[in-house]
Amino acid sequence: ALKGSTEVMQYLMPLPTVKSHEAPPPSGARPDKAQRTDKGGNKPSAPSKPQMPEGCTSHDDENKPLCFAFQHGKCKFKGAPGKRCARGYHKCYKRGCYRAKPYYLCTHTD
């Protein structure tokens, strides 16, 4: 009576087989990394080091960094001259000067 019962037979059914995923066969349709052409050839180059006038330096005598954007009036920091922004101190970057003025406004005289 239990041999043909559908209530029991559902538990005796074999489990479905699980197919393992196979990698797709290699084909010549995709280009290799070495075969790819540079599609972005007209990209601008990375920004170079800031150009400094002769006799200027990136750090003062105490080895504190100086803000390059401040030297040309381009820094958006609203603090007083002589204070530090994220890029460096707001002082003239002429070697030996280091006044609390940007290079383009500084007279570099004592």
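Above this text sits the structure in question.
Worth saying up front: this structure is predicted, and the values here are computed from it rather than measured.

**Student:** Explain the overall build of the protein to me, please; I cannot follow it from the model alone.
**Tutor:** Per the secondary structure count, the protein includes two helices and zero strands. Considering only intrachain contacts with a sequence separation of at least 6, the fraction spanning at least 24 residues in the protein is 33%.

**Student:** Explain the packing of aromatic side chains here, please?
**Tutor:** Summed over all chains, the structure comprises two aromatic pairs. Here Phe 68 and Tyr 93 contribute two aromatic rings whose centre-to-centre distance is 6.0 Å and whose plane-to-plane angle is 70°, an arrangement assigned as edge-to-face. Of this pair, Phe 68 sits in helix 2 (residues 68–71) while Tyr 93 sits in the segment after helix 2, and the two are 25 residues apart along the sequence. Taking relative accessible area as the criterion, Tyr 93 reaches 1% and is therefore assigned buried. Where Tyr 93 meets Tyr 103, the ring centres are 5.2 Å apart and the plane angle is 70°; that geometry is what we call edge-to-face. One end of the pair, Tyr 93, is in the segment after helix 2; the other, Tyr 103, is in the segment after helix 2, and ten residues separate them in sequence. Relative accessible area serves as the criterion here: at 22%, Tyr 103 is assigned to the partly exposed category. Stacked on the ring of Tyr 89, the Lys or Arg Lys 91 has its end atom at 5.4 Å from the ring centre.

**Student:** Teacher, can you tell me more about the side chain of His 90 here?
**Tutor:** Relative to the assigned elements, His 90 resides in the segment after helix 2. The exposure class assigned to His 90 is buried, which follows from its relative accessible area of 2%. In contact with His 90, not counting residues within four places along its chain, are Cys 67, Phe 70, Cys 75, Phe 77, Pro 81, Gly 82, Lys 83, Cys 85 and Ala 100.

**Student:** Could you clarify how one ought to interpret the side chain of Asp 60 in this entry?
**Tutor:** Topologically, Asp 60 is positioned in the loop between helix 1 (6–12) and helix 2. A residue is classified by how much of its surface remains accessible, and Asp 60, at 8% relative accessible area, is buried. Here Glu 62 takes part through its backbone nitrogen, which lies 3.0 Å from a polar atom of the side chain of Asp 60.

Conventions used here
Residues numbered from 1 in each chain as written. Predicted model: local features only at pLDDT ≥ 70, side-chain atom pairs only at ≥ 80, totals over all residues. Heavy atoms only, no water. Helix = DSSP H or I, 4+ residues; strand = E, 2+ residues; numbered from the N terminus. Contact = heavy atoms within 4.5 Å. Phe/Tyr/Trp six-rings, centres within 6.5 Å; stacked < 30°, edge-to-face > 60°. Buried < 20%, exposed > 50% of the residue type's maximum accessible area, 1.4 Å probe, protein only. Lys NZ or Arg CZ within 6 Å of the ring centre and 35° of its normal. Polar contact = N/O pair within 3.5 Å; in protein donor to acceptor, adjacent residues only side chain to side chain.

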